[in-house]
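Descriptive structure summary
Each chain is listed here by its residues.
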Amino acid sequence: NKYDIICGKLGGADGEDNNGEHSQAYYVIKAAQEREELQRQGDELDQQIQKAEREVRALEKTLAHLFAKNAGYKQSFAPADTKTPAYEQKLAVEEQHRVALSKYRTFRLQHAELEEEIGQLDATAAEIEEDKQRYQAQLMNSAEESSRMNVEIDNQKDALEQAKAQVRALLSEHRQTAEA
């Protein structure tokens, strides 16, 4: 009967040898515990399966996205049709790039020339400033020399006036002595 089968199964699995002295409630509880344990293990496996399925779906989605990007990338290496508007636009953009690059190079060259000219003008301005300083120093020296010369001339004039007065006095004295 069913009870004997369950007792035999549970008794052999349990490893206990009690000569069948367990009650029917023991075996029912034991079967319920085993069923509960199996249910828990089944739930855990279901959760693992669901998680794995989600991961597989995410990987499939990523793989599809990667395939799409690779296909686009592969298509970019295909030779372009020369009669499409995109090809003509590409040529126009390349021409604009070439013209802009040429203008940039010209601008850069002009800029370098202007920088060089500014450097030369700065050097010339520095030389002019040095000359100005030197000429101002010479002018100051000349002004001081002129001032000294004017003082010397004034002194010489005074000495000349004294000499003239002395000569007149001597001349007058000489005339008086010559007349007498």
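Everything below is about the structure shown above.
Remember, it's a predicted structure, so these values are computed and weren't measured experimentally.

Counting secondary structure elements, the chain contains three helices and zero strands. Tracing the chain from N to C terminus, the helices and strands come up as α-α-α. Rg of the C-alpha trace for the chain: 62 Å, well past the compact-globule value of 16 Å for 180 residues, more than 25% over. Burial analysis of the chain (180 residues in total) assigns 2% to the buried set.

Throughout the structure, instances matching the rule amount to six salt bridges. For the salt bridge of E94 with K90, the shortest nitrogen-to-oxygen distance reads 2.8 Å. Residue E94 and its partner K90 are both found in helix 3 (residues 85-179); the two are separated by four residues, about one turn of the helix. We classify K90 as partly exposed; its relative accessible area is 41%. Ionic contacts of the salt-bridge type, sharing partners, join the residues E37, R40 and E44 into one network.

Turning next to the packing of aromatic side chains. Evaluated as defined, the whole model comprises one aromatic pair. Taken together, a centroid distance of 5.3 Å and an interplanar angle of 75° make the contact between Y26 and Y27 edge-to-face. On the basis of relative accessibility, which here comes to 26%, the residue Y26 falls in the partly exposed class. The exposure class assigned to Y27 is buried, which follows from its relative accessible area of 6%. The ring of Y135 is capped by R134, whose NZ or CZ atom sits 5.2 Å from the centre of that ring.

Residue placement: R40 occurs in helix 2 (residues 24-76). Take R40: its relative accessible area is 39%, and that puts it in the partly exposed class.

A few words on a nonpolar patch on the surface. Taken together, the side chains of L63, L66 and F67 present a nonpolar region at the surface, about 300 Å² in accessible area. You can see L63 is positioned in helix 2.

Okay, the environment of R134 next. Among the secondary structure elements, R134 is positioned in helix 3. The class of R134 is partly exposed, set by a relative accessible area of 41%. With 48 residues separating them in the primary sequence, R134 and A86 have C-alpha atoms 71 Å apart.

What counts, and at which threshold
- Residues numbered from 1 in each chain as written.
- Predicted model: local features only at pLDDT ≥ 70, side-chain atom pairs only at ≥ 80, totals over all residues.
- Heavy atoms only, no water.
- Helix = DSSP H or I, 4+ residues; strand = E, 2+ residues; numbered from the N terminus.
- Rg over C-alpha atoms; globule rule 2.2 N^0.38 Å.
- Buried < 20%, exposed > 50% of the residue type's maximum accessible area, 1.4 Å probe, protein only.
- Salt bridge = Lys/Arg side-chain N within 4 Å of Asp/Glu carboxyl O.
- Phe/Tyr/Trp six-rings, centres within 6.5 Å; stacked < 30°, edge-to-face > 60°.
- Lys NZ or Arg CZ within 6 Å of the ring centre and 35° of its normal.
- Patch = residues over 30% accessible without salt bridge, like charges linked within 9 Å, V, L, I, M, F, W, Y side chains within 5 Å.
- Areas by Shrake-Rupley, 256 points an atom, 1.4 Å probe, with all protein chains shown as cover.

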